[in-house]
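# Structural characterization, general
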2 protein chains.
Amino acid sequence: MQQGIKTLVVVGVGLIGGSFALALKRAGLVERVIGVGRTLENLQRALQLGVVDEISQDIADAVTQADMVLLATPVGQMGALLAAMADTLPAHTIVTDAGSTKSDVVALFRQHLPRQLARCVPAHPIAGSDLSGAVAAQYGLYENRKVVLAPLAETGADASELVSRLWQACGAKVHVMSAAEHDAVFAAVSHLPHLLAFAYVDMIAGKDDAARCFDFAATGFRDFTRIAGSHPEMWRDISLANRAALLSELDDYRAALGRLQALLAAGDGTGLAEVFDTARAARVAWNQRFMRQG
Amino acid sequence: MQQGIKTLVVVGVGLIGGSFALALKRAGLVERVIGVGRTLENLQRALQLGVVDEISQDIADAVTQADMVLLATPVGQMGALLAAMADTLPAHTIVTDAGSTKSDVVALFRQHLPRQLARCVPAHPIAGSDLSGAVAAQYGLYENRKVVLAPLAETGADASELVSRLWQACGAKVHVMSAAEHDAVFAAVSHLPHLLAFAYVDMIAGKDDAARCFDFAATGFRDFTRIAGSHPEMWRDISLANRAALLSELDDYRAALGRLQALLAAGDGTGLAEVFDTARAARVAWNQRFMRQG
């Protein structure tokens, strides 16, 4: 246990938290995992599946035994959870998270754990899925995936390094950037596409001929809209948490779409083809890199 | 050959035309396939691969031997092709196409083949892919796929029935609707998402921090943008050919996106979650039906 920890408390035992626990157990880097959550049924399933060793619905009590607490819930729940654990959290315990936005998590740490900021390590594992719950937890989820750490100025190097080492043991590649940098990048490449896909499917579903439209939707529609099957509560929280960056991306996208529509209205085939060409070249180059990374 | 045809001329021997030829050969419903195209290298590859039996770069000559001509080129080339074959096309020859838009193809048939409209069968096989060229041709591409026939008022029942029978022999399910109905549906479920994806990738590629954005793009980005890897020339043609319906969809989508942005700007989590919920429920229901259909 020299490189690892004794007791990990995972708050929110779903795909993200559960897969972290499984990977660390397999690597022999955690001795005991306590699962904390709102839904007893999900916790019991996590216990049956061996994702966690113990379960608790009392976060204030559970954290008293923790060397590390991972918050793996939707971002919208984290404030209440941090408030609930603030009084009983041991001074040595590292607190990290797996939220999709970071500036808001930094603010929550500052608000609720002002005396323990040296032990706070905001993090974001990039491993999306439309699956959820303890049954979605899986070995190998983080193999070759990226994890962003966005430490505060106050975060201790030892805490950052331990969190980094654990993610690397899960097979992930760790990148460090500021919370603001993180949020701008993810507004662009993750949060905006989710909003675009949600808005699109909502629009089609509201059409008079929605049934016929859905009848003829095919593989292009399937892939373009996959992320519209994502968890509404989670994406409401992410959208609100990263509101400023996301509003800025929406402004840019609506302007870009307006320019494309003007080209189409003018029958400007050359202009349309230029946009399509640029997009295709960028997408093809991106996909080749992405596939090489595995 | 009672249910089939003797000589099929495929103009544009790529994924769509080549896979049609392969399926009909395997079904024993065509005796001889002549491939016509602009690129000699692609035609020679089609010949080597057994996708076609003969090749020609002279469409006026090739169609003199045809019982059926399939136009499987981008829609933007069809006018010139129909003009080139109009004078030599035998009276009995059926002319069909595989274009992604139908009102414009109907107009081209009326313009170039006004005395042979009884033999014209506008069609659209729903089998997208970002692959192209003769090497993309494959057996089984049309298994359980939909094909829309959009016959003119003048189209003879015998011509429609033969085209329908051949597509069914490829494994496809044939649906009949008007060209206008077809174009409205496909503007919504296919052409709009392509424009949205092209505009999105073009926008990301133009960012100052594009390299970092692409670095952190993951599976959600991958699926959402897959169709932005589609053929620029083909999609320029489709966009222009279905301009009116597509402009209408773009108006609707930009309005929907404006409403979503207003909810976000107002911090209206309930309103956001309602849109996301509706979209998710519709996407999940659609996907279950789509997977059952295979």
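Each chain has its residues counted from 1, following the order in which its sequence is written. Lettering of chains starts at A and numbering of ligands starts at 1, both following the order in which they are written. Side-chain atom pairs in this predicted model are given and counted only at pLDDT of 80 or more, local residue features only at pLDDT of at least 70, and totals for whole chains, interfaces and linings cover all residues. The side-chain values count all of the structure's non-hydrogen atoms but skip hydrogen atoms and water molecules.

### What about the sheet that holds strand E4 (residues 68–71) of chain A?
One key point about sheets: their strands pair by backbone hydrogen bonds, in either a parallel or an antiparallel sense. All names here are of chain A. To keep things clear, this is the line we draw: Pairs of strands are assigned from DSSP output, requiring at least two bridges between the strands. To qualify as a helix, a DSSP run of H or I must reach at least 4 residues; to qualify as a strand, a run of E must reach at least 2; elements of each kind are numbered from the N terminus. By the convention used here, residues are in contact when the closest approach between their heavy atoms is within 4.5 Å. Where helices are involved, their axes are fitted lines through C-alpha atoms of the stretch in contact, as for all axes, and angles between N-to-C directions lie from 0 to 180°.
Strand order in this open sheet of six strands is E3-E2-E1-E4-E5-E6, and the pairing throughout is parallel. Each edge of the sheet is formed by a strand with only one pairing partner; in this case those strands are strand E3 (54–56) and strand E6 (120–121). Alignment of strand E1 (residues 5–11) against strand E2 (residues 30–36), held across six bridges, turns out to be parallel. Bridge pairing in E2 links Val 10 to Gly 35. Taken strand by strand, helix H4 (residues 78–85) contacts E1, E4 and strand E5 (94–97), and its axis lies near 155° from that of E4.

### Side note on the domain arrangement of chain A
Residue and element names in this part refer to chain A. We apply this condition: As used throughout, domain bounds are those supplied by an automatic or database domain assignment. Defined here as a combined quantity, buried area equals the accessible surface (1.4 Å probe) lost by two parts on assembly, summed across both.
Domain boundaries in chain A define domain 1 (5–177) and domain 2 (181–293). Distance between the C-alpha centres of domain 1 and domain 2: 30 Å. On the domain 2 side, the residues contacting the 18 residues of domain 1 number 14 residues. Of the roughly 1,400 Å² buried at the junction of domain 1 and domain 2 (both faces included), carbon and sulfur atoms supply 59%.

### Concerning the sheet that holds strand E8 (residues 146–149) of chain B
Residue and element names in this part refer to chain B. Taken in spatial order, the three strands of this open sheet run E7-E8-E9, and their pairing is mixed. In this open sheet, the two edge strands, each paired with only one partner strand, are strand E7 (123–125) and strand E9 (173–176). For this sheet, the mean inter-axis angle between neighbouring strands, taken without regard to orientation, is 20°. Pairing analysis gives four bridges linking E8 to E9, with the strands arranged parallel. Paired with Lys 146 across the bridge in E9 is Lys 173.

### Some words on the interface of chain B and chain A
Stated precisely, the cut-off is as follows: By definition, a salt bridge exists where a carboxyl oxygen of Asp or Glu is found within 4 Å of a side-chain nitrogen of Lys or Arg.
Contact residues are listed per partner, giving 84 residues for chain B and 85 residues for chain A. Taken over both partners, the interface formed by chain B and chain A buries close to 8,200 Å², and the fraction arising from carbon and sulfur atoms is 70%. Linking chain B to chain A there are six salt bridges. One salt bridge in this structure joins Arg 212 of chain B and Glu 181 of chain A, with 3.6 Å as the shortest N-O distance. Elements represented by at least two residues in the side of chain B that touches chain A include exactly E8, helix H7 (179–205), helix H8 (210–216), helix H9 (219–225), helix H10 (232–241), helix H11 (243–265) and helix H12 (269–293) of chain B. Looking at the side of chain B that touches chain A element by element, the count peaks at 18 residues for H7 of chain B.

### Quick word on the packing of helix H11 (residues 243–265) of chain A against H11 of chain B
We count it as follows: If an angle is under 35 degrees, it is roughly parallel; if it is over 145, roughly antiparallel; if it lies from 65 to 115, roughly perpendicular; otherwise it is oblique. Working rule for handedness: look at the near helix, and if it is turned counterclockwise from the far one by less than a right angle, call the crossing left-handed; if clockwise, right-handed. In this count, Pro and Cys sit with the nonpolar residues alongside Ala, Val, Leu, Ile, Met, Phe, Trp and Tyr, while Asp, Glu, Lys and Arg are called charged and the others, Gly among them, polar.
Two numbers describe how H11 of chain A lies on H11 of chain B: the axes approach to 11 Å, and their chain directions differ by 165°. As the angle between them shows, H11 of chain A and H11 of chain B are arranged roughly antiparallel. Considering the relative orientation of H11 of chain A and H11 of chain B, their crossing is left-handed. Between H11 of chain A and H11 of chain B, the contacting residues are Arg 243, Leu 246, Leu 247, Leu 250, Asp 251, Tyr 253, Arg 254, Leu 257, Gly 258, Gln 261, Leu 264 and Ala 265 of chain A on the first element and Arg 243, Leu 246, Leu 247, Leu 250, Asp 251, Tyr 253, Arg 254, Leu 257, Gly 258, Gln 261, Leu 264 and Ala 265 of chain B on the second. Residue composition of the contact of H11 of chain A with H11 of chain B, by class: 14 nonpolar, four polar and six charged.

### Quick look at the packing of helix H4 (residues 78–85) of chain B against helix H5 (residues 103–112) of chain B
Residue and element names in this part refer to chain B. Packing of H4 against H5 leaves a shortest axis separation of 10 Å and a crossing angle of 25°. The angle between H4 and H5 places the two elements in the roughly parallel class. Here the hand of the crossing between H4 and H5 comes out right-handed. Of H5, the residues touching H4 (which contributes Met 78, Gly 79, Leu 82 and Ala 83) are Val 105, Leu 108, Phe 109 and His 112.

### Some details on the relation of the copies chain B and chain A
For clarity, the cut-off: Alignment of the copies relies on least squares applied to C-alpha atoms, considering only residues that score at least 70 for pLDDT in both.
Superposing chain B onto chain A requires a rotation of 180° together with a translation of 0.0 Å along the rotation axis, leaving an RMSD of 0.0 Å. The symmetry that links the two subunits is that of a two-fold axis. Using C-alpha coordinates, one finds that chain B approaches the rotation axis most closely at Phe 224 of chain B, a distance of 2.1 Å. Both copies contact each other with a shared surface, as 100% of the interface residues of chain B are interface residues in chain A too.

### A short note on unusual backbone geometry
Phi is positive for Asn 144 of chain A, which is not a glycine, with a value near 65°. Mapped onto the secondary structure, Asn 144 of chain A falls in the loop between strand E7 (123–125) and strand E8 (146–149).

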